[in-house]
2 protein chains.
Amino acid sequence: MGVNSTTTVNKIQSELPMSVVSSPLEIHNVRLPPRRSTSQKLRQRLSDIFFPDDPLHRFKNQPSWLVKLMLGVQCMFPIFQWGPTYNLSLFRSDVISGLTIASLAIPQGISYAKLANLPPIIGLYSSFVPPLIYSLLGSSKHLGVGPVSIASLVMGSMLSETVSYTQDPILYLKLAFTATFFAGVFQSSLGILRLGFVIDFLSKATLVGFMAGAAIIVSLQQLKGLLGIVHFTSKMQIIPVLASVFKQKEEWSWQTIVLGFGFLAFLLITRHISLRKPNLFWVSAAAPLASVILSTILVFLLRNKAHGIAIIGELPKGLNPPSSNMLFFSGPYLALAIKTGIVTGILSLTEGIAVGRTFAALKNYQVDGNKEMMAIGIMNIAGSCSSCYVTTGSFSRSAVNYNAGAQTAVSNIIMASAVLVTLLFLMPLFYYTPNVVLAAIIITAVIGLIDYQASYKLWKVDKLDFLACMCSFFGVLFISVPLGLSIAVAISVFKILLHVSRPNTLVLGNIPGTTIFHNVNQYREALRIPSFLILAVESPIYFANSTYLQERILRWVREEEEHIKANNGSKLECIILDMTAVTAIDTSGIDTLCELRKMLEKRSLQLVLANPVGSVMEKLHQSNILDSFGLKGVYLTVAEAVADISSSWKAQP
Amino acid sequence: MGVNSTTTVNKIQSELPMSVVSSPLEIHNVRLPPRRSTSQKLRQRLSDIFFPDDPLHRFKNQPSWLVKLMLGVQCMFPIFQWGPTYNLSLFRSDVISGLTIASLAIPQGISYAKLANLPPIIGLYSSFVPPLIYSLLGSSKHLGVGPVSIASLVMGSMLSETVSYTQDPILYLKLAFTATFFAGVFQSSLGILRLGFVIDFLSKATLVGFMAGAAIIVSLQQLKGLLGIVHFTSKMQIIPVLASVFKQKEEWSWQTIVLGFGFLAFLLITRHISLRKPNLFWVSAAAPLASVILSTILVFLLRNKAHGIAIIGELPKGLNPPSSNMLFFSGPYLALAIKTGIVTGILSLTEGIAVGRTFAALKNYQVDGNKEMMAIGIMNIAGSCSSCYVTTGSFSRSAVNYNAGAQTAVSNIIMASAVLVTLLFLMPLFYYTPNVVLAAIIITAVIGLIDYQASYKLWKVDKLDFLACMCSFFGVLFISVPLGLSIAVAISVFKILLHVSRPNTLVLGNIPGTTIFHNVNQYREALRIPSFLILAVESPIYFANSTYLQERILRWVREEEEHIKANNGSKLECIILDMTAVTAIDTSGIDTLCELRKMLEKRSLQLVLANPVGSVMEKLHQSNILDSFGLKGVYLTVAEAVADISSSWKAQP
């Protein structure tokens, strides 16, 4: 600072807010975090990345290896945790809820299998083996396991794009089992490798849009069954589906339409009743089975008169046949199977874990995400070897399970037993079940996925979230399910990158009477300190934003100087960067700080840093940039920086 | 809080550090930022994203349209800014520097064209038209424009993977011009659309590794010329290149080797001299031309004896022929041309802008990134129509230009004039110039790109940056140039996403005698406040990290409770989240906060927020979550939260 400017500085002093300057502020040194070796840091970082929940904490301080072994077994098979204390009253609750979800699971299983273009029996098989395995491995008490609409739809749409399920049903079945196998492998490896954060990238906004789009596609596709159309497009986009509906007008069958819309109305009304009065949950839970029974009896009675109504027909009796011989690991369709497996795997995992967490939060226990991934993955691997397709925790089934008073995973065992009885003895009863009632069941199930209130809330709170939601909605409707999803994920990631590459910078002012400095835009009472420009950077300083930040800060300086000129204010002398929110810095960021300092120095402006966090301080130290800032270049708080620098001006002759 | 706990609370009070509790802290309300409509916010955000430098600020407060027009013209053509004040003394400096860089540009042009597998004359053409156009449009005073090694190498490697330059030279040339055209279009559209941040994603770490890898590849490829090998691989990876060198051992020519290594030694020594003594910059600047002249004379004198030495041969005399008829916009090679154009466009843009910024910083003026992109883009579009290939600001040429005292872009015009004279009259002189000396010039030029000191610094300061650097280095060496680059960019982006999806959480403590709360790990003197757990979240709360943060915070709580139990400490009552570094929140983040609050409430723990920034406060308000937190759930600072909550405990009976 030249001698010329000292008179200006003295003038400034008298204008400074009293609180900052007059208080005898003690100046604290900024500390470096304790020195750690690279391997220590790496270990710490890796443990933070992969083991945020510290899964082994229960094993610590356990002297005996027997206890450790016991804990390990309990950890692998949660059934051993609650098994010893299981009693008759819990069992009674579980039997009731298990039978209730079985009455839902049987018609849903048959319907969802049709959604995946698979034989209806596969849906029942999938409601038998996976729930049994989940009850051994899963950590949620309320999850109702079985096939779900979204994963069924996605599997059906992805596979039938390449292979026709009417012309080559065996190949299609093989593909479905192989895809299920890869879904299971993918899911369990995410769990084992503790890479659960992969599913976090499907944000809630994306899922709201995706599920609504999928629900509309699924409902429109059910027009095939509801209207009794025989020749229908296998495409999944809204335009070909609607075109197909109206092109095949002469195939519409009035008997089917009457039956279908009748049962659809019945199901929707029961759904509405259960939504309004949650304790009448059993009305909507029992409605699908009731519809199936009623419609089957009806069609059986009219069997000589109503030829237009398509029926399920013969279903094989007996348990799941083994299907490990149908898996393939080579050939031209392998890539398709892997791709389908990964997409359905991610989607079903997201649903299963979200549902598990929701009900765990209601009963105040925690579900371990990584363990759930392993449980769901292993259950799908086992399923793929026993004629099951992709299964997960289903929202509708879990809600019924929860409301029916399920206490443990035993309710899944009860449900599986009910399905077992059905498979062994009751299959012939489904001969006359009309397809149209399955369509009505599917529509009723998926209509709840259209959550327009959630999307309105997204619009209100976060426009970019809403954009991601709309993109996945329209992407699914008009382009395709995997592409719609990828676009939405890309937008979500882009949003993060945009925030990082164009961070906010704020001007801070002092709140009178305190040492608090805050955004002058948010706090009207906050006063700017003459001769100082205090800027807060609201993001880590990275290669992706360092150029931007430099430009933006120089613009703040230019605007401040213009403002001072226009108002005859006191000359700008010092720029303080509040680094509180700069939670990381990389080499480009350090270079930028250095360069910025030099540029400002040439204009005889001082640049100081306030409150750099530990990791930033460490990097600044390692790169020796702190020397160039000097002892008086880094302060613990903005208030201390202002007090110290202005008192150093005062001290000058 | 139950009645039982009040005695505990009273006990706590006496243990609290005096500074926080005893000081009569005034409690400030947290304000919402002023209300703005969606369109206002959108406009503000877009202007922050696209116009951080406020490019129109000079037009503001200008009453007359004539002045505005003048400013507009000056803005488009910076030559009108400095043109009026140009004088003879500036001109003298520019002539000297212009002639100096011409002596470098002519041999470099010929050499780099060979690097791109193009006829040498194209390199000279490219040193004529683009510098002229840049001198009209560019905003840097010191940029020396012309072909550069990296872009030449990348273009050569990408094009010759598909098209052979020996078997189909016309198609190859067409491809090169078309790629140049698309590079120009891409560059200028980045400038016009103000999407300059795209090049920010090539971090410095990535570039250090990439350039070192490319330099090694280029140097090894020059062994073809240095050893006099005729049949050489066209591949770019290190293994096939080295294999080719040793397979063709019988083609090695000792005359070539002697000549080549002789001149290489000469060039390296001159380079070393200039590096040690910057004012001897002309030694290395003049060395390439001197080598060319010397070697040409030598070969001319020995022309009957040294048959092993390959020479350039006939070069056409005359100015750049038009080449717009050679551009194509359809056909099977269009995709290759566009891809090559984009990759070389990004790389040359990155180099040009970085070089421009470096020298602008030295002379304390600013280079407008977006304007530079337009200038470089237009110069390449014009170049592609006049037989030039990709050009940009070259580091070596700009350094010589700067050291030789260039004052304005006129030095580029002088250089272009010298090239013009060469093209018109001096071409026959290059007939006997040996290829081997060009190889030596290339090696000397690229060897400076291997910056091992920078990579050591990366290792020291940031291990992940170093990883990105090494990946691009080995990716370029062993896989391919574009793939190596993409891997490095992916790692850089992954680093950002990792930071966002696994943010740090810190425990804060009070620094005695102040109201400052800081990381207890960094500041050993910081004291934890009994009954409080104060956590700072060091990242925006997003869909990508909300689950993680919830788990991590619950783990902090669990660990704190275990710690208290083990040490008989006072019961945990309140968790304060310091939101200073939470610079944004999305709908998933808001849901997480809500859920966390409910979960902690069930354990009778209170959750309060301290210092939410403006945008976060706004979103919390919009989503009505603030009501659930209540009036006493959000504080301006941690200190006020602690003081207020502990005094409310005291007040209880």
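Residues numbered from 1 in each chain as written. Chains lettered and ligands numbered in written order. Predicted model: local features only at pLDDT ≥ 70, side-chain atom pairs only at ≥ 80, totals over all residues. Heavy atoms only, no water.

1. Some details on the overall build of chain A
- Counting its secondary structure elements, chain A contains 29 helices and 8 strands.
- Taken over the C-alpha trace, chain A has a radius of gyration of 32 Å; the compact-globule value for 653 residues is 26 Å, which it surpasses by more than 25%.
- Based on the C-alpha atoms only, the size of chain A along its principal axes is roughly 110 × 70 × 55 Å.
- Taken over 653 residues, chain A has a buried fraction of 59%.
- In chain A, the proportion of contacts linking residues at least 24 apart, taken out of those at least 6 apart, comes to 80%.
- Accessible area of chain A: about 26900 Å², with a carbon and sulfur share of 65%.
- In chain A, 50 positive and 35 negative side-chain charges are present, and the distance between their average locations comes to 8 Å. (Helix = DSSP H or I, 4+ residues; strand = E, 2+ residues; numbered from the N terminus. Rg over C-alpha atoms; globule rule 2.2 N^0.38 Å. Buried < 20%, exposed > 50% of the residue type's maximum accessible area, 1.4 Å probe, protein only. Contact = heavy atoms within 4.5 Å. Areas by Shrake-Rupley, 256 points an atom, 1.4 Å probe, with all protein chains shown as cover. Lys, Arg positive; Asp, Glu negative; His and termini not counted. Charge placed at Lys NZ, Arg CZ, Asp CG, Glu CD.)

2. Describing a nonpolar patch on the surface
Residue and element names in this part refer to chain A.
- A grouping of W65, L66, L69, V73, M76, F77, F80 and L136 is seen on the molecular surface, where their side chains present a nonpolar patch of about 820 Å² in accessible area.
- Looking at the nonpolar patch, the element that brings in the most residues is helix α4 (residues 65-76), giving 5 residues.
- Within the secondary structure layout, W65 lies in helix α4. (Patch = residues over 30% accessible without salt bridge, like charges linked within 9 Å, V, L, I, M, F, W, Y side chains within 5 Å. Salt bridge = Lys/Arg side-chain N within 4 Å of Asp/Glu carboxyl O.)

3. Considerations on helix α9 (residues 149-160) of chain A
Residues and elements named next belong to chain A.
- For α9, built from 12 residues, the straight-helix expectation of 16 Å at 1.5 Å per residue is met to within 8% by its first-to-last C-alpha distance of 16 Å.
- A large share of α9 lies buried, amounting to 12 of its 12 residues.
- Restricting attention to buried positions, one finds in α9 the residues S149, I150, A151, S152, L153, V154, M155, G156, S157, M158, L159 and S160.
- Buried residues along α9 sit against α6 (88-115), α10 (169-192), α12 (204-221), α17 (334-362), α21 (435-447) and α24 (481-501). (Expected span 1.5 Å × (residues − 1).)

4. Description of the UniProt feature "transmembrane region" (unreviewed entry) in chain A
- Sites flagged by UniProt as "transmembrane region" (unreviewed entry) map to residues 171-195, 201-220, 252-269, 281-302, 326-349, 409-430, 436-454 and 466-494 of chain A.
- Within residues 326-349 of chain A, the helical portion is 67% and the strand portion 0%, while the C-alpha atoms at the span's ends are 24 Å from each other. (UniProt positions renumbered as here; feature names shortened; annotations may be inferred.)

5. Looking at the domain arrangement of chain A
- Annotation of chain A at the domain level lists domain 1 (92-495) and domain 2 (502-651).
- Relative to domain 2 of chain A, the C-alpha centre of domain 1 of chain A lies at a distance of 55 Å. (Domains from an automatic or database assignment.)

6. A word on the pairing of strand β3 (residues 505-510) of chain A
Residue and element names in this part refer to chain A.
- A large share of β3 lies buried, amounting to 6 of its 6 residues.
- Side-chain alternation along β3 places T505, V507 and G509 on one buried face and L506, L508 and N510 on a second face that is also buried.
- Examined bridge by bridge, β3 and strand β5 (residues 532-537) share 3 bridges and lie antiparallel to one another. Following the sheet pairing, L506 is matched in β5 by A536.
- The antiparallel hairpin formed by β3 and strand β4 (residues 517-519) contains 6 residues in its connecting segment, where G513 sits at a positive phi of about 85°. (Pairing = 2+ DSSP bridges.)

7. Things to note about the sheet that holds strand β8 (residues 634-635) of chain B
All names here are of chain B.
- Here we have 6 strands laid out as an open sheet, ordered β4-β3-β5-β6-β7-β8, and mixed in their pairing. At either end of the open sheet lies a strand with only one pairing partner, and these are β4 (517-519) and β8.
- For strand β7 (residues 606-610) and β8, the ladder comprises 2 bridges, and the chain directions are parallel. Residue pairing in the sheet places A610 in a bridge with Y635 of β8.
- In the packing of helix α26 (residues 587-602) onto the sheet, the strands contacted are β6 (574-578) and β7, and the crossing angle to β7 comes to about 145°. (Axes fitted to C-alpha atoms, helices over the stretch in contact; angles between N-to-C directions.)

8. Let's talk about helix α15 (residues 254-276) of chain B
All names here are of chain B.
- In this model, α15 (23 residues) spans 33 Å end to end at C-alpha, consistent with the 33 Å of a helix rising 1.5 Å per residue.
- Buried within α15 are the following residues: T256, L259, G260, F263, L264, L267, T270 and S274.
- Buried residues in α15 make contact with α13 (223-227), α16 (281-301) and α21 (435-447).

9. Let's talk about the pattern of salt bridges
- If you walk through the whole model with that rule in mind, you get 20 salt bridges over all chains.
- For R357 of chain A, the salt bridge goes to E551 of chain B, with nearest N and O atoms at 3.7 Å. With R357 of chain A in helix α17 and E551 of chain B in helix α25 (residues 546-567), this residue pair bridges two chains.
- Overall, R357 of chain A belongs to the partly exposed group, its relative accessible area being 27%.
- Between K495 of chain B and D465 of chain B there is a salt bridge, with the nearest N and O atoms lying 2.7 Å from each other. A residue pair is termed long-range when its members are at least 10 positions apart, and K495 of chain B in helix α24 (residues 481-501) and D465 of chain B in helix α23 (residues 463-479) qualify at 30 residues.
- Members of the salt-bridge network, linked through shared partners, are D462, D465 and K495 of chain A together with D586 and K619 of chain B.

10. Details of the packing of helix α6 (residues 88-115) of chain B against helix α20 (residues 410-426) of chain B
All names here are of chain B.
- Across the interface, α6 lies against α20 with an axial gap of 7 Å and an inter-helix angle of 50°. As judged from the angle between their axes, α6 and α20 are oblique. Considering how the two elements wind past one another, α6 and α20 form a crossing that is right-handed. Facing α6, whose interface residues are F91, D94, V95, S97, G98, L99, I101, A102, A105 and I106, α20 presents V410, S411, N412, I414, M415, A418, V419 and T422.
- Here the residues of the contact of α6 with α20 sort into 12 nonpolar, 5 polar and 1 charged. (Parallel < 35°, antiparallel > 145°, perpendicular 65-115°, else oblique. Left-handed = near helix turned anticlockwise from the far one by under 90°. Nonpolar A, V, L, I, M, F, W, Y, C, P; charged D, E, K, R; others polar.)

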